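Overview (structure and organization)
Letter by letter, the chains look like this.
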Amino acid sequence: MKRIFFCILLMITGLSSGCAVSKDDIRGFNIISLQEEKQLGDKFVVEVEKQRKVVTDPQVQGYLNRLGNRLLTGVRVREFDFTFKAVRDDSVNAFAVPGGHVYVHTGLIKAAQNETELASVMAHEINHAVARHGTQQLTQQYGYGLVIQLLLGQNPNLLAQLASTLFGQGAFMAYSRSMENQADYLGVETMYRAGYDPRGMISFFKKIDTINQRNPGALEQFFSSHPMTGERLRNVQIEISKLPPKTFREDSSEFNRIKAGI
């Protein structure tokens, strides 16, 4: 009871300060422990995969594992056993479930021109998990008490409902603007460290923006879960300009085979 009371006080303090996220602070305000987040993530995964059609092709799974694990060599901390899966969905999107579970839509793979562009979106989602934005947002939106109910299995219907609402068809975790900016910032850093050209993030963002301008509403899901602004793109360009020159090698042959087969 003391812990819950203390956590509530902390949450109120955080909410009253606006819950701003500093881009360099990956240990942001979070009252959910790592172990609790892992348990919550495992529960969400079960519900998400009841509701979404996961691609079971071993070649697709193997490819995403290799790509994801390469990106993980560039993260600041690795506190979860990350998983990477594709879901059968033609919309251009991806999402991360608390505890390090990243899902990529087949529509995103088709929209990416090369492996680097796909890596840019995955790096962004990985860093939502690294910075633990999912549980921060959950507690801000629904309260610590509800999260504890989910962990204790006291409300399985609500768990299924939240999985559908937050990670289900057409609706994803609504991160704050500062969380999106931080995931971009860390994503650029992760790509660079892992040997991917972070300019792939710029080219993908520009491509998505062009598609949306030509056909407004075609990418509604992507823009609702990852709101794009000129400022956000400029911030990414600024961060990339600060990085020391580096030679990047890109081999998208495996990506092209996977893309052609999905």
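Worth saying up front: this structure is predicted, and the values here are computed from it rather than measured.

**Examining helix α7 (residues 144-151)**
Residues spaced three or four apart along an α-helix point in a common direction, a consequence of the helix completing one turn every 3.6 residues. With 6 of 8 residues buried, α7 lies mostly within the body of the structure. Within the sequence span of α7, burial applies to Tyr144, Leu146, Val147, Ile148, Leu150 and Leu151. In the stretch just after α7, glycine 153 is the one whose phi turns positive, near 70°.

**Some details on the packing of aromatic side chains**
Inspection of every chain in the model, using the stated rule, returns 6 aromatic pairs. Judged by centre distance (6.2 Å) and plane angle (15°), the rings of phenylalanine 82 and phenylalanine 84 are stacked. For the pair phenylalanine 82 and phenylalanine 84, a shared accessibility class is recorded, and that class is buried. Where phenylalanine 95 meets phenylalanine 167, the ring centres are 6.1 Å apart and the plane angle is 25°; that geometry is what we call stacked. Taken together, the residues phenylalanine 95 in strand β2 (residues 94-97) and phenylalanine 167 in helix α8 (residues 156-167) connect sequence positions 72 residues apart. The pair formed by phenylalanine 95 and phenylalanine 167 is uniform in burial state, with each residue classed as buried. Members of the aromatic cluster, connected to one another through ring pairs, are Phe44, Phe95, Tyr103 and Phe167. Its end group placed over the ring of tyrosine 196, arginine 70 keeps NZ or CZ at 3.8 Å from the ring centre. Over the face of the ring belonging to tyrosine 192 we find lysine 246, whose NZ or CZ atom lies 4.5 Å from the ring centre.

**Structural notes on the pairing of β2**
The alternating pattern of β2 places Ala94 and Ala96 on one face and Phe95 and Val97 on the opposite face, and all of these are buried. Direction of pairing for β2 relative to strand β3 (residues 101-105): antiparallel, over a ladder of 4 bridges. Residue pairing across strands places valine 97 opposite histidine 101, the latter belonging to β3. Counted along the chain from β2 to the antiparallel partner β3, the turn is 3 residues long, and its residue glycine 99 has a positive phi close to 95°.

Scoring rules and cut-offs
- Residues numbered from 1 in each chain as written.
- Predicted model: local features only at pLDDT ≥ 70, side-chain atom pairs only at ≥ 80, totals over all residues.
- Heavy atoms only, no water.
- Buried < 20%, exposed > 50% of the residue type's maximum accessible area, 1.4 Å probe, protein only.
- Helix = DSSP H or I, 4+ residues; strand = E, 2+ residues; numbered from the N terminus.
- Phe/Tyr/Trp six-rings, centres within 6.5 Å; stacked < 30°, edge-to-face > 60°.
- Lys NZ or Arg CZ within 6 Å of the ring centre and 35° of its normal.
- Pairing = 2+ DSSP bridges.

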